[in-house]
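Residue strings, one per chain:
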Amino acid sequence: MHKQTSKRKIQVGLVQVGERFGNEYYLPYSIGLLQAYARKYLPLPDEYNFHLPVYKRISVESAADRLSNCDIVFFSSYLWNHNINLKIAGALKNRKTDVVIVFGGPMVPEAPDAAEKFLRDHLFIDLICYGEGEVPFLKILENVQQKAWEKAPSAGFINKENHYVHNPRSERIKDIDEIPSPYLEGVFDALLKAYPEERWSALLETNRGCPYTCAYCYWGKKTRSRVYQFGKERIFREIDWISRNKIKFVFCCDANFGMLERDREIAEKVAANKKLYGCPEAFSVQNTKNSTKKIFEMQKLFNDSGLQKGVNLALQSLNEMTLKSIDRSNISNEVYRDLQKMFTENNIPTFSDLIIGLPDETYDSFTRGVSGLIESGQHNRIQFINLTILENTGMADREYQERYGFVLADSRLVPHHTSLDEKGERDEFQKLVVGTNTMPEEDWIKTRVFCWMISLLYFNKLLQLPFLLLNSLYLVSIRELTGIFIKGLDECGKLSEIASFFTRKAVDIQKGGSEHIASEEWLNLWWPADEYMFIKLCAGGGLNEFYREAEFVLSRFVKEKGLEMPDGLLHEAIWTNKDLIKQPFTETDLEVAAHFNILEIYHGKLNGADIPLTEGLVNYIIDRTSDRWSSLDDWLREVVWYGSKRGAYHYNILLSCRGNFCGSAAPVRRPDSGKEKVKI
Ligand code: B12
């Protein structure tokens, strides 16, 4: 009987480092897919031993330790893990010169010259794979012993004659159901077993590809335009796997969720599983574009089942020339306005993305766009994203960058609201556009400061009430109102301190600093600059001084503009806004006697209605006791951080009635909550 000599298996290492979001890590889906594909199609799969993947940021040394028994190690490179991948690979190669190092993922250059340069800059890497990875991953494993890399499509390497070889790309897999699911094939079972204490988030991919060609986006390239679908039955089984494994947060990888008829069934399946199993609790998607009805229906379903806490109506720019130069067609302003109205009427909060520094955008065109978007009903949040140059996108092309005069800065990549003490140094960088030929560097700074200022004053709601009042009653643009808090502040210590803080931060980013502000004191997190300043004002005792100075500059502005405002209206609007700001350590509701129906006008405007101004006593109670924060940390987390996207920074109004207490409709007195009375 032929004695089975246990041939030493080929030891395969896998690295896909993900960030910690909250206290969860993503299951390493890309590397899991590749492993599942290889296990299915390798002629002798048992000759390979796949090690547990490195899925989170650990020190380079301990990662190299863990991989030091491997014969070949595959690295999955994205913007957020590219540098640590390079460090681990370099350290590993130093220790074990015969280990084969392979890099794949969106950070690997696809153009032959850029790919060759990347390999020559990192000689410790043996192979790179560009584009879809399943086939090259398989072929590399099949040929690892002979190192016959020429047999691996979509792979590049430097051969023995020191020539760079760029193997032809493999065709994209059309019937992607050929790729087994890592969830259903048990690829992650060993990981879940090995780290029982870990909390996992999951990715769900229901299709691949994107028909749009936005120049700043990795998807935008023609090579990825055809959309191929995974089978519905498989997707439903993956959703069941996610529910069974109690995974709370799922991010859908699809570029345009809602584009396909069946997406509604997938959405219903996720909602049904949440109801049945309690998981997933949240499901994040990137909406399809240009279909009001589909977007609305899908998002209403997610909102009603609590799977999403707000809808991103991403626009990126409102400047037609810019949209043309970035090859993006937006949902029309009409569709946007209708959607906005439908969501507002259904109490579904929306927020929008705009990118700073896009081609053909100027300080004026951008800030007018912001003002216009607000005036078309976006009162919750506009997320202002700095333009990042991503590998393998239209914008990565040098000629494109020269055409629009891009000025680039290597900026440290730290996602906002992530912890300062991530294990293992986070040393990831992104190329940010900090100036263009239509928005020179000084204008980029002005634009960046404008965005933080309007975020602080309008979306963090410090002055949203007076701003909306002046906009609604006197047609003053939100852009102009924000402008007076940036310039001409000589007599205003607090306001000029805020404006110069934002200016310094913008200059810091241009010099390579991170996009956000580190605070050990406040939850040990990276904070967007506007939220950081909001906290500083609220927790640092500067709020009264801020409002006094705000009243000074707004009154001066009203006078200069010659606006006929009734006496006391602006004062009342400003100080009522102060009373509405959610604060930690509040014990009592606030009863307010006002002289104008300012709250009615304000709430009317938030819901798209124009209410005329009336004078007369209005009493109302600000509910400061339903939600209370007895620790600064609770307030920081629940109000500033979690409330950010929805702009949930104001208290609710319990009751308001005209004239003095309306007889029987006297305000409701809560036995346990004393009440402060204020006369404005
Ligand atoms: C899920 C996701 C996220 C998740 C994170 C997921 C995670 N793993 O940690 C979240 C929401 C946190 C996120 C955030 C961001 N993301 Co994101 N995200 C995605 C998304 C939608 C799916 C990625 C994915 O897993 N797809 C499924 C896999 C199977 O597809 P794939 O990535 O294309 O992988 C294939 C190939 O690349 C290849 N491959 C991949 N790895 C390897 C390894 C080897 C060895 C081989 C051979 C092949 C190979 O084979 C795979 C299968 O064919 C992609 C868009 C997309 N659809 O790809 C954007 C994407 C990856 N994100 C992107 C960006 C820029 C970001 C942000 C930086 C944006 C920002 N400024 O905030 C942040 C950064 C957050 C951070 N961590 O710092 C860019 C990345 C570009 C790049 N060069 O890395 C993408 C491509 C979107 C885009 N529009 O361009 N993102």
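On a predicted model such as this, the values are computed, not experimentally measured, just so you know. (Residues numbered from 1 in each chain as written. Predicted model: local features only at pLDDT ≥ 70, side-chain atom pairs only at ≥ 80, totals over all residues. Heavy atoms only, no water.)

Looking at this structure, I do not really get the pairing of strand β7 (residues 100–104). What am I missing?
Both faces of the sheet carry side chains from a regular strand, because those side chains alternate between them. Counting buried positions over the five residues of β7 gives five, a clear majority of the element. Of the two faces of β7, the one holding Val100, Val102 and Gly104 and the one holding Ile101 and Phe103 are both buried throughout. Strand direction decides the pairing type here: strand β6 (residues 72–76) and β7, joined by five bridges, are parallel. Residue pairing for β7: Phe74 is matched across the bridge by Val102. The parallel pair β6 and β7, bridged by helix α3 (residues 82–95), forms a crossover whose chirality is right-handed. Of the strand pairs in this sheet, β7 and strand β8 (residues 127–129) are connected by two bridges, and their pairing is parallel. Bridge pairing links Val102 to Leu127 in β8. The parallel pair β7 and β8 is bridged by helix α4 (residues 112–121), and the resulting crossover is right-handed. (Buried < 20%, exposed > 50% of the residue type's maximum accessible area, 1.4 Å probe, protein only. Helix = DSSP H or I, 4+ residues; strand = E, 2+ residues; numbered from the N terminus. Pairing = 2+ DSSP bridges. Right-handed = clockwise from strand over helix to strand, strands pointing away.)

Just checking my understanding: could you explain the packing of helix α15 (residues 464–474) against helix α21 (residues 598–606) for this structure?
Helices that pack against each other are described as a pair by the angle of their axes relative to one another and the distance between those axes. Between α15 and α21, whose axes approach to 9 Å, the crossing angle comes to 80 degrees. By the angle class used here, α15 and α21 are roughly perpendicular. The residues of α21 that touch α15, namely those facing Gln464, Leu465, Leu468, Leu469, Asn471, Ser472 and Leu473, are Ile598, Leu599, Ile601, Tyr602, Lys605 and Leu606. Residue classes in the contact of α15 with α21 are distributed as nine nonpolar, three polar and one charged. (Axes fitted to C-alpha atoms, helices over the stretch in contact; angles between N-to-C directions. Parallel < 35°, antiparallel > 145°, perpendicular 65-115°, else oblique. Contact = heavy atoms within 4.5 Å. Nonpolar A, V, L, I, M, F, W, Y, C, P; charged D, E, K, R; others polar.)

What's the story with helix α14 (residues 441–459) in this structure? I'm lost.
One full turn of an α-helix is made of 3.6 residues, so residues set three or four places apart face in the same direction. Taking 1.5 Å per residue, 19 residues should reach 27 Å; α14 reaches 25 Å between its end C-alpha atoms and fits that length. Directly beyond the C-terminal end of α14, a positive phi value near 65 degrees is found at Lys461. (Expected span 1.5 Å × (residues − 1).)

Whenever I open this one, the pattern of salt bridges confuses me. Can you help?
Opposite charge on two side chains permits them to pair, given that their charged atoms come into close proximity. Following the criterion strictly, the structure yields 40 salt bridges and no others. Measuring nitrogen to oxygen at the nearest pair gives 2.8 Å for the salt bridge that ties Glu345 to Lys341. With Glu345 and Lys341 both in helix α11 (residues 333–345), this residue pair falls four residues apart, about one helical turn. Its relative accessible area of 55% is what places Glu345 among the exposed residues. (Salt bridge = Lys/Arg side-chain N within 4 Å of Asp/Glu carboxyl O.)

Where do I start with the packing of helix α12 (residues 363–375) against α14 in this structure?
In the contact formed by α12 and α14, the axes pass within 10 Å of each other and the chain directions differ by 15 degrees. Between α12 and α14, the crossing angle belongs to the class labelled roughly parallel. When the axes of α12 and α14 are compared, the crossing they make is right-handed. Side by side, α12 and α14 meet where Tyr363, Phe366, Thr367, Val370 and Ile374 of the first sit next to Asp443, Lys446, Thr447, Phe450, Cys451, Ile454, Tyr458 and Phe459 of the second. When grouped by side-chain class, the residues that make up the contact of α12 with α14 number nine nonpolar, two polar and two charged. (Left-handed = near helix turned anticlockwise from the far one by under 90°.)

Hey, could you run me through the sheet that holds strand β16 (residues 311–312) in this one?
Whether parallel or antiparallel, the strands of a sheet pair through hydrogen bonds between backbone atoms. A sheet is described by the order of its strands in space; here three strands give the open sequence β16-β17-β18, paired in parallel fashion. With one partner strand each, in any of the chains shown, β16 and β18 (382–386) form the two edges of the open sheet. When strand β17 (residues 350–356) meets β18, the two strands line up parallel, connected through five bridges. Bridging from a neighbouring strand, Ile355 pairs with Ile385 of β18.

Please clarify how the sheet that holds strand β2 (residues 20–21) should be interpreted in this entry.
Spatial strand order, β2-β3-β11-β14-β15: five strands in an open sheet with mixed pairing. Looking along the sheet, the strands with just one partner apiece sit at the ends: β2 and β15 (282–284). Both strand β14 (residues 249–252) and β15 contribute to a ladder of three bridges, which runs parallel. Residue Val250 lies in a different strand from β15, and its bridge partner there is Phe283.

I tried to follow the site of the ligand on my own but got confused; where do I start?
As a structural note, the neighbourhood of the ligand is formed by 33 residues, with Ser76, Tyr78, Leu79, Glu134 and Trp219 the closest of them. Contacts to the ligand include Glu134, whose side-chain N or O atom sits 2.8 Å from an oxygen atom. The backbone of Tyr218 places a nitrogen or oxygen atom 2.9 Å from an oxygen atom of the ligand. Residue assignment for the shell around the ligand shows that the elements contributing at least two residues are α1 (29–41) and β6. The element contributing the most residues to the shell around the ligand is α1, with four residues. When its residues are assigned to classes, the shell around the ligand shows 22 nonpolar, six polar and five charged. (Near = heavy atom within 4 Å. Polar contact = N/O pair within 3.5 Å; in protein donor to acceptor, adjacent residues only side chain to side chain.)

It is not clear to me how unusual backbone geometry should be interpreted in this structure. Could you clarify?
Glycine aside, a negative phi is what most residues show, and trans is what most peptide bonds show. Of the consecutive residues Cys279 and Pro280, the connecting peptide bond is found in the cis state with omega at -5 degrees. If you trace the backbone, Pro280 turns up in the loop between α8 (263–277) and β15. One non-glycine residue, Leu523, lies in positive phi territory at about 65 degrees. Structurally, Leu523 can be placed in the loop between β22 (517–519) and β23 (525–527). Given a relative accessible area of 18%, Leu523 falls into the buried group. Even without being a glycine, Phe585 presents a positive backbone phi close to 65 degrees. Among the secondary structure elements, Phe585 is positioned in the loop between α20 (569–580) and β24 (589–596).

Just checking my understanding: could you explain the nonpolar core for this structure?
Leu470, Phe485 and Phe502 are the most contacted members of the largest nonpolar core, which has 104 residues in total. No other element matches the twelve residues that α14 contributes to this core. Of the domains in this structure, domain 2 (198–348) and domain 3 (586–628 + 650–680) are the two that each give at least three residues to this core. Beyond its immediate stretch of four places on either side in the chain, Phe485 contacts Met453, Leu457, Leu463, Phe467, Leu495, Ala499, Ala550, Val553 and Leu554. The next biggest cluster of nonpolar side chains, apart from the first, holds 66 residues, and it includes Tyr37, Trp149, Trp200 and Phe283. (Core = buried A, V, L, I, M, F, W, Y, C linked by side-chain atoms within 4.5 Å. Domains from an automatic or database assignment.)

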